[in-house]
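Structural overview
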Amino acid sequence: MNSPQTIRATTPEDVIAAAPVALGFHPTESVVMMSVGRGGVHCRTDLPTEEPAFAEVADDLAGAAVRNDCERAVFVIFSERADDAARQAERLADAFSATSVEVIAMIRADGERWFALAADAPPELVTEGVPYDVGAHPITTAAVYDGAVTHASREELAATIDPDPDAVRAVTAAVERASHRRFLAQPAAAARWVERTVRAAVREGTILDVDDAARLLVSLTDLRVRDVAWADMSAGSAAAHVAFWTDLVRRSPPELLPAPATMLAFASWLSGHGALAWCALDRCSAVDPAYTLAELLADLLRHAARPDGWTGIPRELLTLLDSA
């Protein structure tokens, strides 16, 4: 799920070019929903291979569209699997017919040609399709000019938060040098330090040295301290938090990864980058599948919750700050 950007698209080629810009990567074997007009959200999910998953995907996307007050929606199924795309389109038509959301277009794009998926489409658009090349499309070139990064695939996006082995070794050594008990035995002091340190680094766009990174990662194992860092996030600071937590995720030893990975996921969701949020949650679940905050955030993403409703954590709930 991504927060909708305003992109003017009037042709199938426009929509095909807009999807990677909105998602942050070029989708494959994917069902992409993009909202049009009032309200809405952009969503991507894997294209299933059999029932009942086709119906489940359709119901999930219809629910997301309704919850986000979509007025109209377009669908692009990025796949070479014509039969599966046609089955998915049928289920989407059924699911959305029970809502007030108007589906104004459904097409399949295989990388070279696009094909109509609507039941009443001209036969030649269904069977023969239309060639396209979005490499030099105005939407693509405008995104590049604006500095937007569109990765070649979801895997390439996920690789941007892969561990940096040398940096992980350095932080691991720093953790072993430091006293875990000293940090964890004084949680109120740790909370104050975390608040000051994270706020300053995010504001100034700096990264922590290896010893401070180790101290922060150890401190975040106390969930009350972690929540102090979480509470400092806002829509205005979300992009800077993404950069800050990306660095720490790439440097974190595996046993300390869940907290920074979930912080990155939350900052990504708050800044409208749902795909990166999922990648961060994947890193977390590989270490701790039952990490509670990650499970809660996964529910937000699955239900396509919009980040503009986030109002922050009330400071009165951060009891460690008041006890410092």
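Everything that follows concerns the structure shown earlier in this document.
Residues numbered from 1 in each chain as written. Predicted model: local features only at pLDDT ≥ 70, side-chain atom pairs only at ≥ 80, totals over all residues. Heavy atoms only, no water.

Regarding the pairing of strand E3 (residues 72-78)
For a regular strand, side chains alternate in direction, first toward one face of the sheet and then toward the other. As a reminder of what qualifies: Summary of the burial criterion: residues with accessible area below 20% of their type's maximum are buried, those above 50% are exposed, and those between are partly exposed, where the area comes from a 1.4 Å probe applied to protein chains only. Under the scheme used here, helices are H or I runs from DSSP no shorter than 4 residues and strands are E runs no shorter than 2 residues, and both carry numbers assigned from the N terminus. A pair of strands is considered paired only if DSSP assigns at least 2 bridges between the two. When the strands point away from the viewer, a crossover counts as right-handed if the path from the first strand over the helix to the second runs clockwise.
Counted residue by residue, E3 has six buried out of seven residues, so it is predominantly covered. Relative to E3, strand E1 (residues 30-36) is paired through seven bridges, and the arrangement is antiparallel. Paired with Met33 across the bridge in E3 is Phe75. Pairing between E3 and strand E4 (residues 102-109): seven bridges, direction parallel. Within E4, the position partnered with Phe75 by the bridge is Met106. In this view, the connection linking E3 to its parallel neighbour E4 by way of helix H3 (residues 82-97) has right-handed handedness.

A few points about the environment of Ala261
Put simply, the test is: Any pair of residues with heavy atoms lying within 4.5 Å of one another is described as a contacting pair.
One can find Ala261 in helix H13 (residues 258-270). Note on Ala261: relative accessible area 0%, which makes it buried. Separated by 11 residues in sequence, Ala261 and Arg250 place their C-alpha atoms 9.2 Å apart. Sequence-distant contacts of Ala261, that is, excluding residues within four places in its chain, are made with Val249, Ala280, Arg283 and Cys284.

Considering the environment of Leu125
By secondary structure assignment, the location of Leu125 is in helix H4 (residues 123-127). Here the alpha-carbon distance between Leu125 and Phe115, two residues 10 residues apart in the chain, equals 5.5 Å. With residues up to four places along the chain from it excluded, the contact list for Leu125 reads Trp114, Phe115, Ala116 and Val130.

Things to note about the side chain of Ser30
Quick note on the threshold: Under this definition, polar contacts are N or O atom pairs within 3.5 Å; protein pairs additionally need one hydrogen-donor-capable and one acceptor-capable atom, and for neighbouring residues in sequence, both atoms have to be side-chain atoms.
On the secondary structure map, Ser30 appears in strand E1. Overall, Ser30 belongs to the buried group, its relative accessible area being 0%. For Ser30, the side chain forms a polar contact with the side chain of Arg44, separated by 2.8 Å. With near-sequence residues (within four places) excluded, Ser30 lies in contact with Arg44, Thr45, Asp46, Leu47, Val76, Ile77 and Phe78.

Describing the packing of helix H9 (residues 187-204) against helix H10 (residues 210-219)
For any two helices packed against each other, the geometry comes down to the angle between their axes and how far apart the axes lie. Using the following cut-off: A fitted line through C-alpha atoms represents every axis, and for helices the fit uses only the stretch in contact; the resulting angles, taken between N-to-C directions, go from 0 to 180 degrees. Working definition: roughly parallel below 35 degrees, roughly antiparallel above 145 degrees, roughly perpendicular at 65 to 115 degrees, and oblique for all remaining angles. Note on convention: near helix rotated counterclockwise from far helix by under a right angle means a left-handed crossing. Clockwise means right-handed. Any residue outside Ala, Val, Leu, Ile, Met, Phe, Trp, Tyr, Cys, Pro, Asp, Glu, Lys and Arg is labelled polar, Gly included; the first ten of those are nonpolar and the last four are charged.
The geometry of H9 relative to H10 is characterised by a closest axis approach of 10 Å and an angle of 130° between their N-to-C directions. The orientation of H9 relative to H10 falls into the category oblique. When you trace H9 past H10, the crossing you get is left-handed. Where H9 abuts H10, its residues Ala190, Trp193, Val194 and Val198 lie against Asp212, Arg215, Leu216 and Ser219. Partitioned by chemical class, the residues of the contact of H9 with H10 number five nonpolar, one polar and two charged.

Remarks on the side chain of Ser252
One can find Ser252 in the loop between helix H12 (238-251) and H13. Within polar-contact distance, the side chain of Ser252 engages the backbone oxygen of Leu256 at 3.5 Å. Sequence-distant contacts of Ser252, defined by excluding residues within four places in its chain, comprise Val168, Leu217, Leu257 and Pro260.

Focus: the packing of aromatic side chains
Quick note on the threshold: Whether two aromatic rings pair depends on their centres lying within 6.5 Å, for rings of Phe, Tyr and Trp, where Trp uses its six-membered ring; planes under 30 degrees apart make the pair stacked, over 60 edge-to-face, and the rest tilted.
Counted under the stated rule, the structure contains four aromatic pairs. Ring centres of Phe75 and Phe96 lie 5.2 Å apart, and the angle between their planes is 75°; this geometry places the pair in the edge-to-face category. Taken together, the residues Phe75 in strand E3 and Phe96 in helix H3 connect sequence positions 21 residues apart. A relative accessible area of 1% places Phe75 in the buried class. Taken together, a centroid distance of 5.6 Å and an interplanar angle of 80° make the contact between Trp230 and Phe266 edge-to-face. Here Trp230, found in helix H11 (residues 223-231), pairs with Phe266, found in helix H13; they are 36 residues apart in sequence, far enough to count as distant. Here the aromatic residues Trp230, Phe266 and Trp269 are joined through ring pairs into a cluster of three or more.

Observations regarding the sheet that holds E4
The six strands lie next to each other as E2-E1-E3-E4-E5-E6, forming an open sheet whose pairing is mixed. Strand pairing shows two members of the sheet lacking a second neighbour, strand E2 (43-46) and strand E6 (130-131), which therefore form its edges. Pairing analysis gives four bridges linking E1 to E2, with the strands arranged antiparallel. The residue of E2 that forms the bridge with Val32 is Arg44. Sitting on the sheet, H3 is in contact with E1, E3 and E4, with an inclination near 175° to E4.

Side note on the pattern of salt bridges
The condition is simple: Take a side-chain nitrogen of Lys or Arg and a carboxyl oxygen of Asp or Glu: if they are within 4 Å of each other, that pair is a salt bridge.
Enumeration over the complete set of coordinates arrives at 17 salt bridges. A salt bridge links Arg91 to Glu90; its shortest N-O distance comes to 3.3 Å. As a salt-bridge pair, Glu195 and Arg192 come within 3.7 Å of each other at their nearest N and O atoms. One end of the pair is Glu195 and the other is Arg192, both in helix H9 and three residues apart, which spans about a single turn. Judged by its relative accessible area of 27%, Arg192 is partly exposed.

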